[in-house]
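# Structural characterization, general
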Amino acid sequence: MKKNNRMLDRLFDRTHASKEKVWQIEVSRICPNTAQPRQDFDSDAIVKLADSIRQYGILQPLTVRKIDGEGEYDYELIAGERRLRASKMLGLQAVPCIMVDVTDEVSAELALVENMLRENLGMFEQAAAFAKLNERHGLTQEEIAKKMSLSQSAVANKMRLLKLTPEERKKIGDAGLTERHARAFLRISNPTTRMSAISRVIKGKLNVSDTEKLVADLLGAERENGKKQTENKKNVVLTADLVCSNIDRYVEKLRSVSDLVSVDKREVGTDTVITLTVKKGVS
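Residues numbered from 1 in each chain as written. Predicted model: local features only at pLDDT ≥ 70, side-chain atom pairs only at ≥ 80, totals over all residues. Heavy atoms only, no water.

As a further point, take the overall build of the protein chain. The helix and strand tally for the protein chain stands at twelve helices and seven strands. Looking at the protein chain as a whole, 35% of its 283 residues are labelled buried. The long-range share in the protein chain, meaning contacts at least 24 apart out of those at least 6 apart in sequence, stands at 68%. Taken as a whole, the protein chain presents about 17800 Å² of accessible surface, with 49% of it coming from carbon and sulfur. (Helix = DSSP H or I, 4+ residues; strand = E, 2+ residues; numbered from the N terminus. Buried < 20%, exposed > 50% of the residue type's maximum accessible area, 1.4 Å probe, protein only. Contact = heavy atoms within 4.5 Å. Areas by Shrake-Rupley, 256 points an atom, 1.4 Å probe, with all protein chains shown as cover.)

This paragraph deals with the side chain of Glu76. Tracing the backbone through its elements, the reader meets Glu76 in strand E4 (residues 75-79). Glu76 gets classed as buried once you look at its relative accessible area, which sits at 6%. Within the structure, Glu76 has its side chain in polar contact with the side chain of Arg65 (distance 2.8 Å). If sequence neighbours within four positions are ignored, Glu76 has contacts with Cys31, Pro32, Asn33, Thr34, Thr63, Val64, Arg65, Ile67 and Ser107. (Polar contact = N/O pair within 3.5 Å; in protein donor to acceptor, adjacent residues only side chain to side chain.)

All right, on to the environment of Ala182 then. As for its position among the elements, Ala182 is in helix H9 (residues 179-185). Owing to a relative accessible area of 0%, Ala182 belongs among the buried residues under this scheme. When the C-alpha positions of Ala182 and Arg160 are compared, they lie 9.7 Å apart, and in sequence the two are 22 residues distant. Excluding residues that lie within four positions of it along the chain, Ala182 makes contacts with Met123, Phe124, Leu161, Leu164 and Ile172.

On to the nonpolar core, then. Among the nonpolar cores identified, the biggest contains 18 residues, and Phe124, Leu164, Ile172, Ala182 and Phe185 are the most heavily contacted of them. Contributions of two or more residues to this core are made by helix H5 (123-137), H9, helix H10 (191-204) and helix H11 (208-235). Per-element tally for this core: the top contributor is H11, with four residues. Those residues in contact with Leu164, other than ones at most four positions away along the chain, are Phe124, Arg169, Ile172, Ala182, Phe185, Leu186 and Arg194. Within the second largest apolar cluster, 16 residues are counted, among which are Val27, Ala50, Ile53 and Leu77. (Core = buried A, V, L, I, M, F, W, Y, C linked by side-chain atoms within 4.5 Å.)

So, about unusual backbone geometry. For Lys205, which is not glycine, the phi torsion reads 50° and is therefore positive. For Lys205, a relative accessible area of 74% gives the class exposed.

Going through the model one piece at a time under the given rule, you end up with eleven salt bridges. Glu81 is the salt-bridge partner of Arg85, the closest N and O atoms lying 3.2 Å from each other. Within this pair, Arg85 and its partner Glu81 are both found in helix H3 (residues 81-90), separated by four residues, close to a single helical turn. Several salt bridges share partner residues, and in doing so they unite Lys158, Glu179 and Arg183 into one network. (Salt bridge = Lys/Arg side-chain N within 4 Å of Asp/Glu carboxyl O.)

The strand order E1-E5-E3-E4-E2 describes an open sheet built from five strands, whose pairing is mixed. Each of the sheet's edge strands pairs with one partner strand only, and the pair in question is strand E1 (23-26) and strand E2 (30-31). Across four bridges, the pairing between strand E3 (residues 62-66) and strand E5 (residues 94-100) is parallel. In the strand pairing of E5, Leu62 is matched with Cys97. Against the sheet, H3 makes contact with E2, E3, E4 and E5, and its axis sits at roughly 120° relative to E4, the strand it touches most. (Pairing = 2+ DSSP bridges. Axes fitted to C-alpha atoms, helices over the stretch in contact; angles between N-to-C directions.)

What follows deals with the packing of aromatic side chains. Inspection of the entire model under this criterion finds zero aromatic pairs. Against the face of Tyr75 rests Lys66, its NZ or CZ located 5.4 Å from the ring centre. (Phe/Tyr/Trp six-rings, centres within 6.5 Å; stacked < 30°, edge-to-face > 60°. Lys NZ or Arg CZ within 6 Å of the ring centre and 35° of its normal.)

Looking now at the confidence of the model for the protein chain. Model confidence for the protein chain is summarised by a mean pLDDT of 81, while 81% of its residues fall at 70 or above. Within the protein chain, no element has a lower average pLDDT than helix H1 (residues 2-12), which sits at 50, and none a higher one than H9, at 95. Counted against residues more than four places away or in other chains, residues 1-5, with its pLDDT under 50, gives three contacts. (pLDDT = per-residue confidence, 0-100.)

It is worth spelling out H10 at this point. Compared with the 20 Å implied by 1.5 Å per residue over 14 residues, the 20 Å span of H10 between its first and last C-alpha is a close match. Where H10 starts, the residue carrying a side-chain oxygen 2.9 Å from the main-chain nitrogen of Thr192 turns out to be Asn190. (Expected span 1.5 Å × (residues − 1).)

All right, on to the packing of helix H6 (residues 141-148) against helix H7 (residues 152-160) then. Helix packing geometry: the angle between the two helix axes and the distance between the axes. Running from N to C, H6 and H7 point in directions that differ by 110°, and their axes come no closer than 8 Å. Relative to H7, H6 is oriented roughly perpendicular. Crossing angle aside, the handedness with which H6 passes H7 is right-handed. Note on element contacts: H7 touches H6 through Gln152, Val155, Ala156 and Met159, opposite Gln141, Glu142, Ile144 and Ala145. Of the residues that constitute the contact of H6 with H7, the class distribution is five nonpolar, two polar and one charged. (Parallel < 35°, antiparallel > 145°, perpendicular 65-115°, else oblique. Left-handed = near helix turned anticlockwise from the far one by under 90°. Nonpolar A, V, L, I, M, F, W, Y, C, P; charged D, E, K, R; others polar.)

Written out as structure tokens, the structure is:
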């Protein structure tokens, strides 16, 4: 927890605002953070939080920044979405807020850190948040790692999870599989095989070790099948009759849809000469 607080403190040090001054801001004037990394909110957890707020109030102020615009909102939420949702559920008119002056980049960082360290952000949500910091704000994996107090490899591994399709991510997340499970599936390039592997792991309730073994077996079977197909192709013997027969079938398909194609086939010594003529259409 101390490490988490130090990370938040370092970010707050860049906000040019006092952490001590708390403002009461109307809920209706606060809009969600466009960089909010959390996509799924546990409704039961929100209800429990609302009950706690009803009894004890909001113990940790929300964090917002002033925004300029012609819309109905004057402030953008940076951290505290669950608290804001619970407050709306209770019908509160205003909530305590810390107001900060930050760039879009720092706003995204604060939202990510607050969710990761305080609210157990899911692995795919973390990966998507890292990707946003990279794509929208140009941060490298090393820079993201430094800001999040993670290793560069941890950030890279997390972002690789986005190679899984949204359907695969949902299936993995709903089943409560771990990040190591997800990384094992990334070894499978065939989408059909990968989805089949995910389903088998979920149905069999396989641990990480068994999952990695299953993936290795599937990849081995694919390689063996590929070798057999290659060998079968090598074993195909092309004869003159087979070549001519394939050409005849192809020409017939062309002639069935167009009268611009004609073919002349004649024997010259031991060879078969085939001449394909395509007439120019009248423009």
